[in-house]
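For reference, the chains in residue letters:
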Amino acid sequence: MLQHFDPNKDYGTPASLSEKLVTLEIDGVEISVPEGTSVMRAAALADINIPKLCATDNLESFGSCRICAVQIEGRRGTPASCTTPAEAGMKVTTQNDKLAKLRRNIMELYISDHPLDCLTCPANGDCELQDMAGAVGLREVRYGFDGENHLDAPKDTSNPYFTFDASKCIVCSRCVRACSEVQGTFALTIDGRGFDSKVAAGQDEDFLDSECVSCGACVQACPTATLMENSVIEMGQPEHSVVTTCAYCGVGCSFKADMKGDQVVRMTPYKGGEANHGHSCVKGRFAFGYATHKDRIRAPMIRDSIDQPWKEVSWEEAIGFAARRLKEIQAEHGRESIGGITSSRCTNEETYLVQKLIRAAFLNNNTDTCARVCHSPTGYGLKQTLGESAGTQTFDSVMQSDCVLVIGANPTDAHPVFGSLMRRRLREGASLIVADPRHIDLLDTPHLNDSMHLPLRPGTNVALVNALAHVIVTEGLEDTDFIASRCEGDAYSKWRDFISDERHSPEQMEAITGVAAADIREAARTYATAKNAAIYYGLGVTEHSQGSTMVMGIANLALATGNIGREGVGVNPLRGQNNVQGSCDMGSFPHELPGYQHVADPIARGRFEAAWGVQIDNEPGLRIPNMFDAAIAGQFRAMYVQGEDIAQSDPNTQHVEQALRSLDCLIVQDIFLNETAKFAHVLLPGSTFLEKNGTFTNAERRINRVRKVMPPIAGKEDWEVTVELSNALGYPMNYSHPSEIMDEIASLTPSFKNVSYEKLEQEGSLQWPCNDEHPVGSPIMHVESFPIGDGKAQFAITEFVATTERASRRFPLLLTTGRILSQYNVGAQTRRTDNQAWHDEDILEVHPHDAEERGIKDGDWLGISSRAGHTVLRALVSERMQPGVVYTTFHHPHSGANVITTDNSDWATNCPEYKVTAVQVEKVTQPSEWQKNFHDNHERQNNFLKEAAAAAAESH
């Protein structure tokens, strides 16, 4: 028999990937398993559970506890079942008197050095040691506690999320192995030998001070209460679980929300999650407390002016107020005078409804989303070359890669669960090439194979990718068969002539990129000659004036080497937010209906008009930057913003604030009073991912279910609010559940044709396109053809055009920005959790050379001036950057990181050029004027909120 895999069961050791089956007999039960499967796993697949302590199925077998001993016919002794491979014809006995006695004796030794406090232990009812003591029939312990023991070992409570109680440790090494094998950080070790062995973090440091990244893998692996979530210690064991999807980055990890009633006790990474396979990061695993934070907006509020206090009102009054203002503004200023912004943090269904509201109730195409300021060049560049606006692979595909080229991305910080998977492949022998102005942690992967860092100057991406392509073409490293069969011939010939020109050679580009020509040549050869080479890129590619050009250059590189259409290769954009892929798929851009169908296409538009019962404008609407400019000019007067914080996240903050102040009506729907809401006239409470049903689509096009685990704090899910606003505006929407919205999406969006909640329940997740041709989705894209022209990919000419934003005597340094592991995007969620322990302010990293020139030391306050503005941050002297480049994050609004970024943007999509800002840096003693004004406005707006709450309480 072959058994079905149950993601809720621990099979003891990892699955074998062999396609060859072997048949053996375990306790008289015949079972066939893949060759290489352990006896323990084979038994578990036959529902025969062998006791175990050191074994768990996400770690390689270890064989230290000996509890899992078995007898095998024809073999001497009692081998460990976890380390013994199943063999054809093998006859295994897992239970008899001899084995029972052996297991009891072993367990007795464990218990003799373990506190007997089961009734008061936080792991009571969820402790493998307790379970195994029962399973082996241990009834007494003959050894006293008078001798040497570890019962007085101190607790480490330094980590805000979990406690390490060494007195309960059985030194099974599961935590150490999880840290190395799953996470890849190697922060934990076994210190000492024999009886003196103990688990140590770093150089025997506190967990908080060590290299531990708080991913939770050690906590999850621990079979006792040694490593235990503080939330479980405080609240007790959960009593039921709901599987849902994380609302942080674009990896889209699946979690079990472990609940007590409607309270979340912990978030446990779900082993059945195809994106994360039971792993997690500090954000998804622990930083969920924001959902019930005291700052949550719990009731709708309105006001006539942003200089007035808020008035807490009913949902009906708030919706009516908003609808009336929108109607009045359109009546006075025209149909195009209002618009909206969808959210990359809300579900597909909610995003779909917002763009539908704008097109069917506002009757214009003035819809945009935060992808405008992050991955809009991905959509444009990949559409032009490969025919589809999305990445080509699954995350698991990296495990088949022989060369990994990472450009402008920092996976271990921004996409940490995928970063861990990538590190595993690098430890197995794949070579690594990193093109980034800054040294990233991936380059410090323990046991890394061959690696190269190409520290290019900010703004020279296209010059670098052209130089790489030049080497491939001029050295005959192209995949001519792939090009001949899969690429459009004329476009390739033109590109080949263009890229072969000597001006693109590494020697010519060295002066522009700052990267040695020999290194570029070596990198190009490594990438082109690898059996499977994959490109992963992030915002360091897209957030440039040539972002779209660079995306096309990356596609050219993959096409020229034939690295498309199979496992281990591809073009892989690492999407930043949990549903930024979904927000693009759902038609959030002003020129595209859901499924990337252009509004000018009469056939596509006709389908939506027939379904929606309205006439849709055939002209693209305003992009976010256009909305800002039109607002300042007095032509754009009202905006509906769901779940985005454009006042903090968009560039040139002072320009954005001026635009928001110019609006007659700003409607913000969010879970907190974010920076944008401080300029709002209507504040509608949002709901977190824990309070709603729906779907998210991650960076690998994987559609995952989001399941409600608690009622919405303010009484409504986000989609319900949009429905009520639409109805108040006179355009009827009638849905009783998000599944009905998905059914409508599937009926109008070819790539989602076969997606439904029923199918998602059956399959677990689906990767679009999911249609009649691919009924259960498409893990790998472009296997046989491309959805463009006659099915052949298009090479694109990628001329390097230097950005106008360059260093000068007045602004001699280049600022680039990025993310950090513990914080997420604008920080609205993570800043309201204990993640603040790791990063409670944005700092400016300065190279020692630049610091010495300016007399800067760690901790100094630095004034940072650009052509757009001025702010002040604390200094960190660091060699991660090259001289002439400074770096900061943007997670804290008072930092004003975007006060100094400029209006420069990508030529095709208006994606801002966050990654190249010319600045001057000097020591200062006080905050900037903008920061002082920010502080005053922050206090004033929060006081308005408090006044509204007090007035509401008094009236009740």
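In what follows, the structure referred to is the one given above.
Report on the accompanying structure. (Residues numbered from 1 in each chain as written. Predicted model: local features only at pLDDT ≥ 70, side-chain atom pairs only at ≥ 80, totals over all residues. Heavy atoms only, no water.)

## Here we look at the overall build of the chain
In terms of helices and strands, the chain carries 29 helices and 35 strands. Against the 2.2 N^0.38 benchmark of 30 Å for 956 residues, the chain shows a C-alpha radius of gyration of 29 Å, consistent with a compact globule. Over its C-alpha atoms, taken along the principal directions, the chain stretches across nearly 90 × 80 × 65 Å. Buried residues in the chain amount to 63% of all 956 residues. (Helix = DSSP H or I, 4+ residues; strand = E, 2+ residues; numbered from the N terminus. Rg over C-alpha atoms; globule rule 2.2 N^0.38 Å. Buried < 20%, exposed > 50% of the residue type's maximum accessible area, 1.4 Å probe, protein only.)

## Some thoughts on the side chain of His 470
Turning to its location among the elements, His 470 is positioned in helix α13 (residues 461–474). A distance of 2.8 Å separates a polar atom in the side chain of His 470 from the backbone oxygen of Ile 499. Excluding its chain neighbours within four sequence positions, the residues that come into contact with His 470 are Ile 499, Ser 500, Asp 501, Glu 502, His 504, Ser 505 and Pro 506. (Polar contact = N/O pair within 3.5 Å; in protein donor to acceptor, adjacent residues only side chain to side chain. Contact = heavy atoms within 4.5 Å.)

## Description of the side chain of Thr 888
Examined against the element boundaries, Thr 888 turns out to sit in strand β34 (residues 885–888). Not counting residues within four places of it along the chain, the set of residues in contact with Thr 888 comprises Leu 815, Thr 816, Thr 817, Gly 818, Asp 842, Ile 843, Leu 844, Leu 873 and Ala 897.

## Section: the packing of helix α22 (residues 624–632) against helix α24 (residues 653–662)
Two numbers describe how α22 lies on α24: the axes approach to 8 Å, and their chain directions differ by 60 degrees. Our classification of the angle between α22 and α24 gives oblique. Of the two possible hands of crossing, α22 and α24 adopt the one that is left-handed. Contacts between α22 and α24 involve Phe 628, Asp 629, Ala 631 and Ile 632 from the first element and His 655, Val 656, Gln 658, Ala 659 and Ser 662 from the second. By residue class, the composition of the contact of α22 with α24 is 5 nonpolar, 3 polar and 1 charged. (Axes fitted to C-alpha atoms, helices over the stretch in contact; angles between N-to-C directions. Parallel < 35°, antiparallel > 145°, perpendicular 65-115°, else oblique. Left-handed = near helix turned anticlockwise from the far one by under 90°. Nonpolar A, V, L, I, M, F, W, Y, C, P; charged D, E, K, R; others polar.)

## With respect to unusual backbone geometry
The omega angle of the peptide bond from Trp 768 to Pro 769 is 5 degrees, so this bond is cis rather than trans. Within the element layout of this structure, Pro 769 appears in the loop between β29 (765–767) and β30 (813–817). Unlike most non-glycine residues, Tyr 596 shows phi in positive territory, near 60 degrees. Looking at the element boundaries, Tyr 596 is found in the loop between β22 (592–593) and β23 (597–598). We classify Tyr 596 as buried; its relative accessible area is 8%. In this structure, Asn 910 takes a positive phi of about 65 degrees despite not being glycine. Within the element layout of this structure, Asn 910 appears in the loop between β34 and β35 (917–923). Residue Asn 910 is classed as partly exposed on the basis of its relative accessible area of 22%.

## Quick word on the environment of Cys 281
Looking at the secondary structure, you find Cys 281 in the loop between β12 (263–269) and α7 (282–286). Spatially, the C-alpha atoms of Cys 281 and Asp 772 are 36 Å apart, while their sequence positions differ by 491 residues. When residues no more than four places from it in sequence are discounted, the contact partners of Cys 281 are Ser 214, Cys 215, Phe 286, Pro 416 and Val 417.

## Re the pairing of β35
Pairing geometry for β30 and β35, over 3 bridges, is antiparallel. By the bridge assignment for β35, Leu 815 is matched with Thr 917. Bridge count for strand β32 (residues 861–865) against β35 is 4 bridges, and the pairing is antiparallel. Residue pairing across strands places Gly 863 opposite Glu 922, the latter belonging to β35. (Pairing = 2+ DSSP bridges.)

## Let's talk about the nonpolar core
Ranked by internal contacts, the top residues of the largest apolar core, which has 71 residues, are Phe 162, Phe 207, Leu 227, Phe 418, Met 422 and Leu 432. The greatest single-element share of this core, amounting to 5 residues, is contributed by helix α12 (residues 416–428). Residues within four places of Met 422 in sequence aside, it is in contact with Val 398, Val 404, Val 406, Pro 411, Leu 442 and Tyr 536. By size, the runner-up hydrophobic cluster in this structure holds 63 residues, among which are Ile 338, Met 586, Ala 714 and Val 721. (Core = buried A, V, L, I, M, F, W, Y, C linked by side-chain atoms within 4.5 Å.)

## Observations concerning the pattern of salt bridges
For the coordinates displayed, the defined rule picks out 49 salt bridges. Lys 20 is the partner of Glu 35 in a salt bridge, and the nearest nitrogen-oxygen pair spans 3.7 Å. Separated by 15 residues along the polypeptide, Glu 35 in the loop between β2 (29–34) and α1 (39–45) and Lys 20 in the segment before β1 (21–26) bring together distant segments of the chain. Here Glu 35 falls in the partly exposed class, since its relative accessible area comes to 35%. Owing to a relative accessible area of 51%, Lys 20 belongs among the exposed residues under this scheme. When the shortest N-O distance is used, the salt bridge between Arg 854 and Glu 853 registers 3.6 Å. Its relative accessible area of 57% is what places Glu 853 among the exposed residues. (Salt bridge = Lys/Arg side-chain N within 4 Å of Asp/Glu carboxyl O.)

## Focus on helix α17 (residues 517–529)
Over its 13 residues, α17 extends 18 Å from the first C-alpha to the last, a length consistent with the 18 Å expected when each residue adds 1.5 Å. Residues of α17 that are buried: Ala 517, Ile 520, Arg 521, Ala 523, Ala 524, Tyr 527 and Ala 528. One side of α17 holds all its buried residues, which, seen down the axis, span an arc of 165 degrees. Counted as exposed and oriented over 90 degrees from the buried face of α17: Ala 518 and Thr 529. (Expected span 1.5 Å × (residues − 1). Arc of directions from axis to C-beta.)

## Quick notes on the sheet that holds strand β6 (residues 162–165)
Strand order across the open sheet formed by 3 strands is β5-β6-β9, with antiparallel pairing between neighbours. Edge positions in the sheet fall to β5 (155–156) and β9 (227–229), since each has one partner strand and no second. Summarising the sheet, β6 and β9 pair through 3 bridges and their orientation is antiparallel. If you follow Phe 162 over to β9, its bridge partner there is Glu 229.

## Structural notes on the pairing of strand β7 (residues 188–191)
Sheet faces and side chains relate simply in a regular strand, where the side chains alternate between the two faces. Bridging between β7 and strand β8 (residues 198–201) involves 4 bridges; their strand directions are antiparallel. Across the sheet, Leu 188 pairs through a bridge with Ala 201, a residue of β8. Where β7 folds back onto β8 in an antiparallel hairpin, the turn is made up of 6 residues, including Gly 192, whose phi is positive at roughly 85 degrees.

## Side note on the sheet that holds β32
Two strands in a sheet stick together by hydrogen bonds in their backbones, pointing the same way (parallel) or opposite ways (antiparallel). The strand order β30-β34-β31-β33-β32-β35 describes a closed barrel built from 6 strands, whose pairing is mixed. Averaged over neighbouring strand pairs, the angle between their axes works out to 45 degrees when direction is ignored.

## Looking at the packing of aromatic side chains
Overall, the coordinates contain 17 aromatic pairs when judged by the stated rule. Between Tyr 248 and Tyr 824, the ring centres sit 5.1 Å apart and the planes meet at 80 degrees, which makes this aromatic pair edge-to-face. With a gap of 576 residues between them, Tyr 248 in the loop between β10 (240–245) and β11 (254–260) and Tyr 824 in the loop between β30 and β31 (843–846) connect regions that are remote in the sequence. Across the pair, exposure class does not vary: Tyr 248 and Tyr 824 are buried alike. Look at Tyr 596 and Trp 768: their rings are 6.3 Å apart centre to centre, the planes differ by 40 degrees, and that puts the pair in the tilted class. Taken together, the residues span a long stretch of sequence, with Tyr 596 in the loop between β22 and β23 and Trp 768 in the loop between β29 and β30 at a distance of 172 residues. (Phe/Tyr/Trp six-rings, centres within 6.5 Å; stacked < 30°, edge-to-face > 60°.)

## Describing the environment of Glu 488
Locating Glu 488 in the fold gives a position in the loop between α14 (480–486) and α15 (489–500). Note: C-alpha distance between Glu 488 and Gln 669 (181 residues apart in sequence) is 46 Å. Every residue in contact with Glu 488, bar those within four places of it in the chain, is listed here: Lys 792, Ala 793 and Gln 794. Here Ala 491 takes part through its backbone nitrogen, which lies 2.8 Å from a polar atom of the side chain of Glu 488.

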